[in-house]
Amino acid sequence: MDFSVKKLASDAGVFFSRAVQFTQENLGQAEKTELDAHFENLLARADCTKNWTEKIFKQTEYLLQPNPSARIEEFLYEKLDRKLPSRPTNAELLGHYMLEAAKDFGPGTPYGSTLIKVGECQQRLGGAEREFLQTSAISFLTPLRNFLEGDWRTISKERRLLENRRLDLDACKARVKKAKAAETKAAAVPDFQETRPRNYVLSASASANVSLFSFPCGHGLSQLWTEEVDKAEHELRVAQTEFDRQAEVTRLLLEGISSTHVNHLRCLHEFVEAQTAYYNQCHRVMQDLHQELGRFSSSFGRNPGSTPDPVACASSPTASETDVLQIEEVQPPASGTRKAKVLYDYDAADTSEMSLLADELITVYTVPGMDSDWLVGERGNQKGKVPVTYLELLS
């Protein structure tokens, strides 16, 4: 118990000494040990790194998870060290609803079959998004979080300790300065009460040896202050050693910020690669869907009243064979041919059709008995059916 009380009193004394030193520095009544320019630059660089890393981390979280409620849920699960339950992405939910709707509308109907195609595409997009989110969280968010919650906390702790060591050092410098001033005054003035500064407190050992009747002459007082100066200088040397040691530890941590930048640069490249792969995959999925829907619209037609039954179309190969023969044998009319600009790329579904490239110009015309959604297109020696919806007819 006695040890605890002494330690508490000692800690309280140190805290009071630091508070006095800090207050006097702010009031301009005490000198402050300044760090060298290189050290100050390291501190500024570290603060800048922390502030921007924090902003980038938060904004990346908003990008990967725009739902604030979901972010709070993920934070709570992480703090409780529990596994986050699997949550479908919005695209996966949309795809699921489309597939369920197709069952009710009928998968054999044009709308139902299109819902199936689009729903499956949305589910693939959702899967790609899930993979992107997981990759980005591991390769980019986690290193940023580790820096903020690990390295930066260590740096902050050592910086606070360095500031305390500096306050102790400056307080010791102030005590040495006052003790030397008192020693000089005691050598000239024999009266102890006049030589002792009002705002100066002797160490515990010195106070125990001083009384109003001790050392009636100036020589004794001078000797006492000499001992006090020696003690204060010893404390100053100890404080200087502790400050230098802590400054070196803090400097090494601050110089490690360069390694942090290199690590974050590598993580940034991985994030960009994951984002590029995600958008490329989405682009491929949507291109495939667009082409497939183009063939669907060509088969079913844009007009719901004239949409053929896909089952019936699939079960009449004779019609396709007849179309092939008609396309090969058909001749352009003497009048009625037009130029058309291709709006989208189109891949021919069979030999009776002609593939198209966006922005090219072709010659088109109609033949008797052909579906109104199709035209005969010619490009040089190539000839084949082309969907009207992919063309812009020119005058």
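Look a little higher up for the structure.
Residues numbered from 1 in each chain as written. Predicted model: local features only at pLDDT ≥ 70, side-chain atom pairs only at ≥ 80, totals over all residues. Heavy atoms only, no water.

Novice: What should I look at first to understand the pairing of strand S3 (residues 374–379) in this one?
Specialist: One face of the sheet, then the other: side chains in a regular strand alternate in exactly this way. Buried residues dominate S3, accounting for five of its six residues. Here strand S2 (residues 361–365) pairs with S3 via three bridges, running antiparallel. Its bridge partner lying in S3, threonine 363 is registered against glutamate 378. Bridge count for S3 against strand S4 (residues 382–387) is six bridges, and the pairing is antiparallel. Opposite tryptophan 374, over in S4, you have proline 387 as the bridge partner. (Buried < 20%, exposed > 50% of the residue type's maximum accessible area, 1.4 Å probe, protein only. Helix = DSSP H or I, 4+ residues; strand = E, 2+ residues; numbered from the N terminus. Pairing = 2+ DSSP bridges.)

Novice: For this particular structure, what's the right way to read the pairing of S2?
Specialist: Extensive coverage of S2 is indicated by the burial of four of its five residues. Summarising the sheet, strand S1 (residues 338–342) and S2 pair through four bridges and their orientation is antiparallel. Its bridge partner lying in S2, arginine 338 is registered against valine 364.

Novice: Explain the packing of aromatic side chains to me, please; I cannot follow it from the model alone.
Specialist: For any two aromatic rings, the description comes down to two numbers: the centre-to-centre distance and the angle of the planes. Counted according to the given criterion, the structure contains eight aromatic pairs. Between phenylalanine 105 and tyrosine 111 the ring centres are 5.2 Å apart and the planes differ by 25 degrees, which places this aromatic pair in the stacked class. Taking relative accessible area as the criterion, tyrosine 111 reaches 51% and is therefore assigned exposed. Residues tyrosine 346 and tyrosine 390 carry aromatic rings whose centres are separated by 5.1 Å and whose planes lie at 65 degrees to one another, so their mutual orientation is edge-to-face. In this pair, tyrosine 346 is assigned in the loop between S1 and S2 and tyrosine 390 in the loop between S4 and strand S5 (391–393), connecting sequence segments 44 residues apart. Here tyrosine 346 matches tyrosine 390 in class, with each residue buried. Following the ring pairs from residue to residue traces out a cluster consisting of Phe132, Phe140, Phe271, Tyr278 and Tyr279. The ring of tryptophan 52 carries the charged tip of lysine 55 above its face, separated from the ring centre by 4.6 Å. The residue whose ring lies beneath lysine 385 is tryptophan 374, and the NZ or CZ to ring-centre distance is 4.9 Å. (Phe/Tyr/Trp six-rings, centres within 6.5 Å; stacked < 30°, edge-to-face > 60°. Lys NZ or Arg CZ within 6 Å of the ring centre and 35° of its normal.)

Novice: Would you mind going over the state of the cysteines with me for this structure?
Specialist: Here, the word disulfide means a covalent bond between the sulfur atoms of two cysteines. The final tally for this structure, using the stated rule, is zero disulfides. Its sulfur unpaired, cysteine 121 is 8.7 Å from the next cysteine sulfur, which belongs to cysteine 282. (Disulfide = S-S within 2.5 Å.)

Novice: Is there a simple way to think about the packing of helix H4 (residues 90–105) against helix H5 (residues 110–188) in this case?
Specialist: When two helices pack together, their arrangement is given by the angle between the helix axes and the distance between those axes. Two elements in contact, H4 and H5, have axes whose closest approach is 7 Å; the angle formed by their N-to-C orientations is 160 degrees. The orientation of H4 with respect to H5, classified from their angle, is roughly antiparallel. The element H4 and its partner H5 pack so that their crossing is left-handed. Classifying every residue of the contact of H4 with H5 gives twelve nonpolar, eight polar and four charged. (Axes fitted to C-alpha atoms, helices over the stretch in contact; angles between N-to-C directions. Parallel < 35°, antiparallel > 145°, perpendicular 65-115°, else oblique. Left-handed = near helix turned anticlockwise from the far one by under 90°. Nonpolar A, V, L, I, M, F, W, Y, C, P; charged D, E, K, R; others polar.)

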